[in-house]
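# Secondary and tertiary structure notes
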Amino acid sequence: IEARAGERLLLETFEREGIPVALCDTPEAAMPLAAMINLFSSAARRLGDRLLGLDVGRGMTHSAYGLWTQHAGQARTLGDALQRIVATSWAHQSGSHMELAPVGRHVVLRFVPGVLPANIIPHADHLLPPMLTFMQQFLGAKWQPDWFEVPYARDADAALLEDR
């Protein structure tokens with residue numbers, strides 16, 4: 001927010017959502033998932049930026065999730081690593097979970113939000129790049145999935161995301 005619109009908008013957005021801006025300086029601090037989703041949604045709306053979530057995610061790797069993905073990444077195989085992600089997602093997030101779901105001849109790592117705020121798009125989109133880098137540590141830096149599944153219905157601006 002600050003890089004795109006300045007400190008004032010950053011402070012106003014955090015204040016509107018009732019989140020202390022000091023959390024920016026303590027990324028390891030816990031934040032309720034609903035609050036994080038609302039913050040992403042509010043920021044994207046105030047900036048008029050459908051791709052804010054994706055852009056934030058592109059500035060991250062899986063290591064941003066700390067011990068959760070570090071533990072999972074120490075598995076010997078991608079299959080074991082994904083099992084660790086799913087089995088321990090409760091420790092990283094509340095009100096949602098990760099699951100592995102068979103879809104045809106594929107297996108999808110799925111983020112399943114619980115009953116959460118309406119506009120999950122920016123938050124969900126920010127998860128895509130870090131989850132990609134997580135898988136690439138096992139499959140190679142150039143590996144790309146056949147598709148990404150997101151936990152929201154296709155919206156009018158989906159092509160902006162798909163073109164990236």
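Residues numbered from 1 in each chain as written. Predicted model: local features only at pLDDT ≥ 70, side-chain atom pairs only at ≥ 80, totals over all residues. Heavy atoms only, no water.

## Some details on the pattern of salt bridges
Where charged atoms from two side chains of opposite charge approach closely, those side chains can pair. How we decide: Here a salt bridge means any side-chain nitrogen of Lys or Arg lying within 4 Å of a carboxyl oxygen belonging to Asp or Glu. A run of H or I in DSSP counts as a helix once it spans at least four residues, and a run of E counts as a strand once it spans at least two, with each numbered from the N terminus. Residue exposure (1.4 Å probe, protein chains only): buried if accessible area is under 20% of the type maximum, exposed if over 50%, otherwise partly exposed.
What the rule picks out here adds up to 10 salt bridges. Taking the shortest distance from any N to any O, the salt bridge between R4 and D49 comes out at 1.9 Å. Here R4 is found in helix α1 (residues 2–5), whereas its partner D49 is found in the loop between α3 (33–47) and α4 (52–58), with 45 residues between them in sequence. Judged by its relative accessible area of 40%, R4 falls in the partly exposed class. D49 sits in the buried class, given a relative accessible area of 18%. R110 is the partner of E149 in a salt bridge, and the nearest nitrogen-oxygen pair spans 2.4 Å. Taken as a pair, E149 in the loop between α7 (121–139) and α8 (158–162) and R110 in strand β2 (residues 106–113) lie far apart in primary sequence, 39 residues in all. Connected through shared salt-bridge partners, R4, D49, D55 and R164 make up one network.

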